[in-house]
Amino acid sequence: SKSADSVWQRAGRLSARRWKALLTATWLLARARYEHHRKPIKAVLERFETSNARSVATASEIELIGWAINSAGSRVPWRSDCLLQAMAASMWLDRIERAYKLNIGVRKNAAGELEAHAWLTSSDLVVTGNLPDLKAFSPIPLESGISRF
């Protein structure tokens, strides 16, 4: 089919670095899904409180990680929502000893229902969860600790 051809054509143009990033992202998304399924939410969120970061991520690292997590996340056969993508990206940034911050925000949708969204930032740049209307979400302050969850 035409769409399958374009997918394979795009895949054939990926560099070895991008292929490696996609494989890394897929593995980390699987780990994040497993942890999220097996641990209580408090334990899941506590992983964001500690970091062995030595430096902030560069713009090119953020772009590659964000692209790979988003691309793999939209194609894996399991749930890979914003929190799982933030978890996977934080695991990646931990591996390369880069600083990051989990952000969780809420907003009311058009029906008046409360919606939540998680996004990960590093160097004040969004790594995962960058929505066009991200500013519509009011961040929940997490600085006081995850223990209240």
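What comes next concerns the included structure.

Cut-off values and rules
- Residues numbered from 1 in each chain as written.
- Predicted model: local features only at pLDDT ≥ 70, side-chain atom pairs only at ≥ 80, totals over all residues.
- Heavy atoms only, no water.
- Pairing = 2+ DSSP bridges.
- Helix = DSSP H or I, 4+ residues; strand = E, 2+ residues; numbered from the N terminus.
- Buried < 20%, exposed > 50% of the residue type's maximum accessible area, 1.4 Å probe, protein only.
- Contact = heavy atoms within 4.5 Å.
- Phe/Tyr/Trp six-rings, centres within 6.5 Å; stacked < 30°, edge-to-face > 60°.
- Salt bridge = Lys/Arg side-chain N within 4 Å of Asp/Glu carboxyl O.

## Looking at the pairing of strand 5 (residues 125–128)
Examined bridge by bridge, strand 4 (residues 114–122) and strand 5 share 3 bridges and lie antiparallel to one another. Each residue of the ladder has a partner; that of L120, found in strand 5, is T128. Between strand 4 and strand 5, which follow one another and run antiparallel, lie 2 residues, and S123 among them has a positive phi close to 55°.

## Focus on the environment of W92
In this fold, W92 is placed in helix 5 (residues 82–95). For W92, a relative accessible area of 9% translates into the label buried. Sequence separation between W92 and I65 is 27 residues, and the spatial gap between their C-alpha atoms is 7.8 Å. Those residues within four positions of W92 in sequence are excluded, and the remaining contacts are A21, T24, A25, L28, I65, A68 and I69.

## Remarks on the packing of aromatic side chains
This structure, assessed with the given rule, holds 2 aromatic pairs. Ring geometry for F48 and Y100: centres 6.4 Å apart, planes at 85°, overall edge-to-face. Within this pair, whereas F48 is found in the loop between helix 3 (41–46) and strand 1 (55–56), its partner Y100 is found in the loop between strand 2 (98–99) and strand 3 (101–108), the two being separated by 52 residues in sequence. In terms of burial, F48 and Y100 fall into one category: buried. Measuring from ring centre to ring centre gives 6.5 Å for W119 and F137, while their planes differ by 55°; the resulting arrangement is tilted.

## Structural notes on the pattern of salt bridges
Scanning the entire structure with this criterion turns up 7 salt bridges. Measuring nitrogen to oxygen at the nearest pair gives 3.0 Å for the salt bridge that ties R18 to E63. Separated by 45 residues along the polypeptide, R18 in helix 2 (residues 16–38) and E63 in helix 4 (residues 59–73) bring together distant segments of the chain. Of the residues examined, E63 reaches a relative accessible area of 39% and is grouped as partly exposed. Here K39 and E35 are joined by a salt bridge, their closest N and O atoms 3.8 Å apart. Through salt bridges that share partners, R31, E35 and K39 make up one connected network.

Nothing here speaks to function; it is all geometry.
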